[in-house]
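The chain contents come next:
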Amino acid sequence: MAFFLDLEKAFELASPLAIQAALADRGVGGGLLPWVGDFFLNWTAGVRFQRHLSPFYHHHNGTPQGSVRSPLLFSVLVEGLLAVDYGPSMTLLLYTDDLALVFSRGDCFTRRLLLSLGCTLGATNSG
């Protein structure tokens, strides 16, 4: 059994401070950490459609869309999810902001989780 999850607006809501803390936890220091911090300061975005440009919006959270650094920085933030021991019956698969929780069959934790989510469990008979 598997659950597939998409973290809605994950890039837009990522905390710059949490990203910097995750980098520091991994030993990033020197001039690189302040450089990453500067990457998040005072960035604005607007939309151009045909010949019209929208007003610019100042962002306080998230990683700038279109930047080649944004996927890497977001991955640093969420890779801690992969380090968690979910037990022998659950595996977490992660690709940027898409997650898959894969459960072993017949596990008590899986059944409790499904019941808490309001799912019904159907019994199957083989034979």
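Each remark here, short or long, concerns the structure printed above.
So, here's what we can say about the structure. Values in this document were obtained by computation on a predicted structure and should not be read as measured data.

1. Quick notes on the sheet that holds strand S6 (residues 90–95)
Line of reasoning, step 1. In spatial order, the strands read S1-S7-S6; together these three strands make up an open sheet with antiparallel pairing. On the outer flanks of this sheet lie strand S1 (2–6) and S6, each paired with one strand and no other. Between one strand axis and the next, the sheet turns by 15° as a mean value, whatever way the strands run.
Line of reasoning, step 2. As defined by bridge partners, S6 adjoins strand S7 (residues 98–103) across six bridges and the pair is classed as antiparallel. Directly across from Leu-94, in S7, lies its bridge partner Leu-99.

2. Concerning the nonpolar core
Line of reasoning, step 1. Counting 14 residues, the largest nonpolar core has Ile-19, Leu-23, Val-36, Phe-40, Leu-73 and Phe-74 as its most contacted members.
Line of reasoning, step 2. Elements supplying a minimum of two residues to this core: helix H1 (10–13), helix H2 (16–25), helix H3 (32–40) and helix H4 (69–78).
Line of reasoning, step 3. Setting aside residues up to four positions removed in sequence, Ile-19 forms contacts with Ala-14, Phe-40, Thr-63, Leu-73 and Leu-77.
Line of reasoning, step 4. One finds Phe-3, Leu-92, Leu-101 and Phe-103 within the second-largest nonpolar core, a separate group that totals six residues.

3. Structural notes on the packing of H3 against H4
Line of reasoning, step 1. One way to put it is that H3 packs onto H4 with a least axis distance of 13 Å and a crossing angle of 115°. Between H3 and H4, the angle is such that the two are roughly perpendicular. In terms of crossing hand, the pair formed by H3 and H4 is left-handed. Residues Trp-35, Val-36, Phe-39 and Phe-40 of H3 pack against Arg-69, Ser-70 and Leu-73 of H4.
Line of reasoning, step 2. Of the residues in the contact of H3 with H4, the class split is five nonpolar, one polar and one charged.

4. Quick look at the pattern of salt bridges
Note on pairing: side chains with opposite charge can pair once their charged atoms come close.
Line of reasoning, step 1. Following the criterion strictly, the structure yields one salt bridge and no others.
Line of reasoning, step 2. Close ionic contact of Glu-79 with Arg-26 constitutes a salt bridge, the shortest N to O distance being 2.4 Å. Separated by 53 residues along the polypeptide, Glu-79 in the loop between H4 and helix H5 (80–83) and Arg-26 in the loop between H2 and H3 bring together distant segments of the chain.
Line of reasoning, step 3. Take Glu-79: its relative accessible area is 36%, and that puts it in the partly exposed class.
Line of reasoning, step 4. Of the residues examined, Arg-26 reaches a relative accessible area of 39% and is grouped as partly exposed.

Cut-off values and rules
Residues numbered from 1 in each chain as written. Predicted model: local features only at pLDDT ≥ 70, side-chain atom pairs only at ≥ 80, totals over all residues. Heavy atoms only, no water. Pairing = 2+ DSSP bridges. Helix = DSSP H or I, 4+ residues; strand = E, 2+ residues; numbered from the N terminus. Axes fitted to C-alpha atoms, helices over the stretch in contact; angles between N-to-C directions. Core = buried A, V, L, I, M, F, W, Y, C linked by side-chain atoms within 4.5 Å. Buried < 20%, exposed > 50% of the residue type's maximum accessible area, 1.4 Å probe, protein only. Contact = heavy atoms within 4.5 Å. Parallel < 35°, antiparallel > 145°, perpendicular 65-115°, else oblique. Left-handed = near helix turned anticlockwise from the far one by under 90°. Nonpolar A, V, L, I, M, F, W, Y, C, P; charged D, E, K, R; others polar. Salt bridge = Lys/Arg side-chain N within 4 Å of Asp/Glu carboxyl O.

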